[in-house]
Structures are given as structure tokens and as C-alpha cells.
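# Structural overview
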Amino acid sequence: MRKYGWKGFRNLILRNPAVVDQDPHVDAGDENAERGNWSSKRDYILSMIGYAVGLGNIWRFPYLAYRNGGGAFLIPYFTMLVVTGIPLFFLESAFGQFCSQGPINVWRAVPILQGVGIGMVMVTFIISISYNIIIAYGLYYMFASMQFPLPWSSCPNRTDTNCSDTVYCNVSGVFTANWTQENNTCNSSDIITMTVQSPSEYYWDNVALQRSSNLSETGPIVWHLALCLLLSSILVAAALIRGIKSSGKVVYFTATFPYVVILILLIRGVTLEGAKDGIEFYIGSKSNMTKLTEAQVWKDAATQTFYSLSIGWGGLMTLASYNNFHNNVFKDSFVVTLTNAGTSVFAGFAIFSILGHMAHIYKIPVEEVVKEGFGLAFIAYPGALSKLPISPLWSILFFFMLLTVGLDSQFAGIEVLTTCLLDAFPKAFKSKRALLTITTCSLIYLLGLPCVTRAGIYWVTLIDQFVASWVLLFLVLLEIVGVSYIYGGNRFIKDIEMMLGKKSFGFWLWWRACWFFISPCIILVILVWSIVTFAPPTYGKVAYPSWGLALGWCMVVFVLIWFPAVAVYKLIKAKGNPWKRLKLMCSPSEEWHPYLEIHRGERYSKEQCIREKSSKNRTEVNISNSWL
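Keep in mind that this is a model prediction, so the values were computed, not measured. Note that residues are indexed from 1 along each chain, following the sequence as it is written. Reporting of local features is limited, given that this is a predicted model, to residues whose pLDDT is at least 70; pairs of side-chain atoms are given and counted only at 80 or more, and all residues count toward the totals for whole chains, interfaces and linings. To get the side-chain values, take all heavy atoms of the structure and skip hydrogens and water.

So, about the overall build of the protein. Secondary structure elements are taken from DSSP: a helix is a run of H or I of four residues or more, a strand is a run of E of two residues or more, and numbering for both begins at the N terminus. Helix and strand counts for the protein come out as 26 helices and five strands. Taken over 628 residues, the protein has a buried fraction of 57%. Contact definition: two residues touch when any of their heavy atoms are within 4.5 Å. A fraction of 82% describes how many contacts in the protein between residues 6 or more apart in sequence connect residues 24 or more apart. Surface accessibility in these figures is a Shrake-Rupley result with a 1.4 Å probe; residues are shielded only by whichever protein chains are displayed. Carbon and sulfur atoms form 64% of the exposed surface of the protein, whose accessible area is close to 26200 Å². Relative accessibility thresholds used throughout: buried, under 20% of the residue-type maximum; exposed, over 50%; partly exposed, between the two (1.4 Å probe, protein chains only).

Shown next, in the form of C-alpha cells:
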């Protein structure tokens, strides 16, 4: 174990080759002595699980299941997992592991599509800014939970007419507050909607966010959020100071602890009154099988599968690029994707059991307390936890869980950015990786400061609605078309067999069907549907000004412009007539091969590369094998 004093730490950051005898980001036993590898298979699996299992598993899936038929929703969800989720996860992981490169350099396989890789990195860069903000929210709420009673358990000022924890019910024409007659529940149609906020909603808007009325009213920086944002950035930078060598150890805690908390919350939740009602609404007898006939349900299932696995962000390729060449990426894909899906279902029970208890206390239907996204994580669930005995304990556990879940995803996001820079400029950055990590985290922090002003939540929502949306679907559609039809599905399968060993034709039949037809068709349908049904985002009932929407579209253009820009640039730089240039840019470049020469075999040997190069220089270039 290498030990660092102040001098050693300074040398780690500034990387003085004369002082440090070995690259601290590479161990002596690594297969790839230049880029480094995971210290163990467990490091990789836990990092992938931590990356895939994000906040959407906790605050989006349970709501979608409830809205789309409860238990019936599991049928389209797992169907989409099999036909799109696992095949695309396997494709991206194998793509990155084969060449040991990040999401930009992997497109040496199809140079004309290298802009797709840049677009993925831009998505990760922008989303990392908003994700850092969400982690800051979790940190603030975790610290705020260290007091009794919880500050959102009641209205801070009883004379404030904008806050009330009273539920009004119309009982036979009479308005009754907190109706408890004969232990009955107030029907949804009889609940009187008041223009006031619950204590947890009031705390979220007026204390935590200090939210302004709209995006145009920026206001000052909310300093308690800015400090939490700084702490979040420090935690991420510290975990990644040695790249995957350090983050691979941190995830032993951050990737497993959320399961412990979910289990604790579930055990506590099912012992509460009303928990059964919540679970019934989530995935029990209230399941509605007729929902399966609605196209929207299948679209929601496909979208949730797609986004929850982080496909199209570049992280899967990046993390897989540090594997040993012969690692069984096929088995790993099943382990991670099934764990991700199981986590979504498991978390739903913990969420709805406690929401059912909250509904029981207020004597209102469960559907009246169910929310999604920020509303679930920072309003509904904290409000429910505040009704429990020893409420600070449960609140601290919940927000610490959100913190660890968010950090895992942020680790991979920052790793994508640093890996791409290292792959592009190895001589400039290899010896200063720690400094590069700190600089990247600092930049993410500074760009996040506008998101911790009083209008910050509007910026976070704007990024989420415009960048983490159909833009990813477009990039992944180009990705799967590029690999399956331009690079060649059969060629890609041969590459995988170089890593895993020879497989039978029957083994690949299903994967061919998914990569060539099923997955692209599903993505295309969802993409067209998402664009056609796209509506300008709002935060609650607050609409965005026209200039805000224009900025949102500018972010979309910033992500997508790289694809045509890079394609045109490469076509201009290529030699020959236009048709020959196009065919050349659709063929693998000379740099496309396994990273280490020992793994290149006959297919990617120097002699074979020379033969292919001479073939490309002929007048007629036959690329039919690339298509099939």
C-alpha cells in the first residue's frame, strides 16, 4: 500500500515523474499497464450497479408502476428489459471493453459517427451539473434531519396562511377538518383542495430552495445549498483522486448501503398502520390488467428501462474499458441489469408502505399522497417520515441513502469526462490525472452555482426535461445503427468472441434479432412518439419564459450538433471522390483494434492492417461485409 504525506500528496496531484516511481493510477498486476484495470471483478460490478441504480429507481419507478396498473406494469417492464435493456447494455459494455477506450475513441470503429460519442460526453457533462445539485439537496436535508422535531413536521409559523397541515373533507355538505369519523377515509371526490402548502412542501419551497416565482427572478445564491454543493464536489473528487483505483473501493460502501437502508425502511414500513393499503396501490390487488392494452404503459416501461440502465450516457463504455480483455462481459450484463430491475421493484415496497401510513393518518386515499421526482423525494416521503416515532433517525437514513445513490452515478459521470480527456491527450494528462479530476469537479461546481440561486430548481428541471430526454434516444439510435449496420453486426460478434470465446450460431440468434431489428424499431417508435408529444416543460404550475425555452433548445443543439459537424469535418479531410470518402469514413480506422497487441490476434495483426489499408486505396472498395 502506497503511503502519502504532504509531499506525496502534492506529487500525486502535480505528478512529478522524478519523484513518483510508478503511476499511482496503475497497479503492478494490471493487464493494461498504460490505462490500468479494475483491482478486482467486484470493483467493476459494484461500480456498474452503483452507476445503473440511480435516483430514478427510487423516485420514478414506484410512481410509474402505481400509475400504470400496479403489478400489471411489471409485464411490460420486464419485457422491455429483455428486448431493449439487456441487449443495449451488453452492446455498450462489450464495445468499450473490446478496445479499452472511452465513448469518443470507440468510434474509431465507424469514424463518421465519432460525433455521437462526443454528444454522449456532452450529455454526461450537462447532466453531471444537475446531478451534483440533487446530491446537494440530499446533503442539506440529511443535515436538516439532525434535529427533533423535524423542521418540516409542522408549519414554522402558525399565523402563516400559506401553510397548513389540515385536510378538509366534504362530509354530507359540511366541511370537516382532519376527518376521523368511524375510522373512515375521505373519498377523493370529497377532499377539499386548499390553496395552501403542506408543511413539507412549504419547507421545500421556502426554506430549502427559497424558490423565486419563476426563472426570470434569479435572486441571490442560497448559501446553505452552495456549501452543500461544494461538499458534494469535494466528496466526488476525493473518491476519484486515483481514478477507478479509489472509486472502486468507495463503492463497496456506497453501492451496498442503499440496500441496507431500503430493507430497514421496508421492515419499519410494513409494521405501520395503513402500510397494506399503500402496497396494494403499488403492486397488490389494486393492479389493473386492462392497462396492458394502453400503448402509453408500454412506452413508459420502455423509457424507464432505457433511462434507468444509463444507456447512451457513455458511462457503460467507460467503466467497461477498464476491464481485462477476456472478462465475461456477457454474464456481467445480466447481473447488473437484473439487479437494477430488482432494486426498482424492491424500493417501491419501502416507499409505498410508508406513504400508505401517511394516507392512513390523514384519512385520505393513497393516490392523494403519491408524487414522483422531487415531489416524492423532498415533499411526500419526508412528510410521511415526519409522522413516525424517532422521525430524525428514519429521515437521516433515507437522505443518506439518496446521497450514496447519487454519488455512485456522479462518480461514473466524472469518470467519463476524465477518461475521454486522457484517451484524447494521454501525454498531457496521464501524469496529472488527480489534477485533472480536481479541475473537472471544480468546473462542475462553478457551473452549478446558478442552480443554487433562488431560481435554481427551474434550471435543474430545464436540464432534465431537455437534455435527459429524447436526445438520448436519438444518440442511441445512431449508436445501434452504426454498430449493427455500418460497422457490421457479424463483425462485432466476432470481436466479442475474441473476448469470450467461440459461441454457437443459436447463441447469437437472439442478440442478432435485437440488435438488427427489435431494439432499433422500439427506440425509433419511442423517439418519434416523444418528439410528437413533447410539451414545453413546467415546474408545477410555473411556466418557463420564452428565453428559457430557447436556452433549453440551445442545450439540445449543443449535444446533437457534434454528429453532423464531426461527420462533415472528417469527410472534408478524407481523400478521394465523395463516394470513396464516405465509404472510407464508414470503415474502421487503422487505430481500431484491441488496446494491447497480445490480444489482437490474426484479425487485427499488423500484416492484416497493411492488407486492409492497401484494399482501401483501390478504386473499388467492397464494404458489403461491414453491413452483414
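Right, picking up where we left off after that structure.
The next subject is the confidence of the model for the protein. Looking at any residue, its pLDDT shows the predictor's confidence there, from 0 to 100. Averaged over all residues, the pLDDT of the protein is 82; the fraction at 70 or higher stands at 85%. When mean pLDDT is compared element by element in the protein, helix H8 (residues 223–239) scores highest at 93, while helix H26 (residues 624–627) scores lowest at 34. Within the model, pLDDT remains below 50 along residues 17–21, and this stretch shows three contacts once partners closer than five positions in the same chain are excluded. Here residues 619–628 is a poorly scored stretch, pLDDT under 50, and it has 14 contacts once near neighbours within four places are set aside; other chains count.

Here the term patch refers to residues with relative accessible area over 30% and no salt bridge, with like charges joined within 9 Å and nonpolar side chains (Val, Leu, Ile, Met, Phe, Trp, Tyr) within 5 Å. Here, a salt bridge means any Lys or Arg side-chain nitrogen found within 4 Å of an Asp or Glu carboxyl oxygen. Residues Phe143, Met146, Leu227, Leu230, Leu231, Ile234 and Leu235 make up a contiguous nonpolar surface patch of about 610 Å² in total accessible area. The leading source of residues in the nonpolar patch is H8, at five residues. Of note, Ile234 is situated in helix H8.

This part covers the packing of helix H23 (residues 562–573) against helix H24 (residues 578–585). Fitted lines through C-alpha atoms give the axes, limited to the stretch in contact for helices. The angle between two N-to-C directions lies from 0 to 180 degrees. Taken N-terminus to C-terminus, the directions of H23 and H24 make an angle of 120°; their axes are 9 Å apart at the nearest point. Compared by their axis directions, H23 and H24 come out oblique. When the axes of H23 and H24 are compared, the crossing they make is right-handed. Where H23 approaches H24, its residues Lys570, Leu571 and Ile572 are matched on the opposing element by Arg581, Leu582 and Met585. Amino acids outside the nonpolar list (Ala, Val, Leu, Ile, Met, Phe, Trp, Tyr, Cys, Pro) and the charged list (Asp, Glu, Lys, Arg) are all regarded as polar, and Gly is one of them. When its residues are assigned to classes, the contact of H23 with H24 shows four nonpolar, no polar and two charged. In these notes the angle categories are as follows: under 35 degrees is roughly parallel, over 145 is roughly antiparallel, 65 to 115 is roughly perpendicular, and the rest is oblique. Crossing handedness follows the turn of the near helix against the far one: under a right angle anticlockwise gives a left-handed crossing, and clockwise gives a right-handed one.

What follows covers unusual backbone geometry. Going from Phe148 to Pro149, the amide bond is cis rather than trans, its omega being -5°. The residue Pro149 is located in the loop between helix H6 (114–144) and strand E1 (168–171) in this model. Of note in the backbone geometry, Ser100 takes a positive phi value of approximately 55° without being a glycine. You will see that Ile390, though not glycine, has its phi angle at about 55°, which is positive. By the element assignment, Ile390 lies in the loop between helix H15 (374–385) and helix H16 (391–424).

The next subject is the packing of aromatic side chains. Geometry of aromatic contacts follows a simple scheme: Phe, Tyr and Trp rings, the Trp one being its six-membered ring, pair when their centres are within 6.5 Å, and the pair is stacked under 30 degrees between planes, edge-to-face over 60, tilted otherwise. Counted under the stated rule, the structure contains 51 aromatic pairs. Here Tyr141 and Tyr203 contribute two aromatic rings whose centre-to-centre distance is 5.7 Å and whose plane-to-plane angle is 80°, an arrangement assigned as edge-to-face. With Tyr141 in helix H6 and Tyr203 in helix H7 (residues 199–208), this residue pair connects regions lying 62 residues apart in the sequence. In this pair, the class of Tyr141 matches that of Tyr203, namely buried. Each ring, one from Trp204 and one from Phe378, has its centre 4.8 Å from the other, and the planes form 5°; the classification is stacked. With a gap of 174 residues between them, Trp204 in helix H7 and Phe378 in helix H15 connect regions that are remote in the sequence. Phe378 carries the same exposure label as Trp204, and that label is buried. Each ring is checked for a lysine NZ or an arginine CZ that lies within 6 Å of its centre and within 35 degrees of its normal; such an atom marks a charge sitting over the ring. Sitting over the face of the ring of Tyr487, Arg491 holds its NZ or CZ atom 5.1 Å from the ring centroid.

Moving on, we get to H8. Taking 1.5 Å as the rise per residue, H8 with 17 residues should run 24 Å; its terminal C-alpha atoms sit 24 Å apart, in good agreement. Listing the buried residues of H8 in full gives Leu225, Ala226, Cys228, Leu229, Ser232, Ser233, Val236, Ala237 and Ala239. Buried residues belonging to H8 abut H6, H7, helix H9 (244–254), H16 and helix H18 (433–448). Multiplying 1.5 Å by the residue count of a helix minus one yields the expected span of that helix.

Okay, the pattern of salt bridges next. With the rule as written, the count across this model stands at six salt bridges. Note that Lys41 and Asp332 form a salt bridge whose closest N and O atoms lie 3.1 Å from each other. Residue Lys41 is located in helix H2 (residues 41–52), and its partner Asp332 is located in helix H14 (residues 329–362); the two are separated by 291 residues in the primary sequence. Residue classification places Asp332 among the buried residues on the basis of a relative accessible area of 3%. The partner of Glu415 in a salt bridge is Arg433, with the nearest N and O atoms 2.2 Å apart. Placement of Glu415 in helix H16 and of Arg433 in helix H18 is noted, with a sequence separation of 18 residues between them. For Glu415, a relative accessible area of 3% gives the class buried. A relative accessible area of 7% places Arg433 in the buried class.

Once that is clear, we can look at the packing of helix H12 (residues 295–308) against helix H21 (residues 505–532). Their axes nearest at 11 Å, the elements H12 and H21 cross at an angle of 110°. When the axes of H12 and H21 are compared, the pair comes out roughly perpendicular. The way H12 lies across H21 gives a crossing that is left-handed. For the pair H12 and H21, the contacting residues are Ala295, Gln296, Lys299, Ala302 and Thr303 in the first and Ile522, Ile526, Trp529 and Ser530 in the second. Partitioned by chemical class, the residues of the contact of H12 with H21 number five nonpolar, three polar and one charged.

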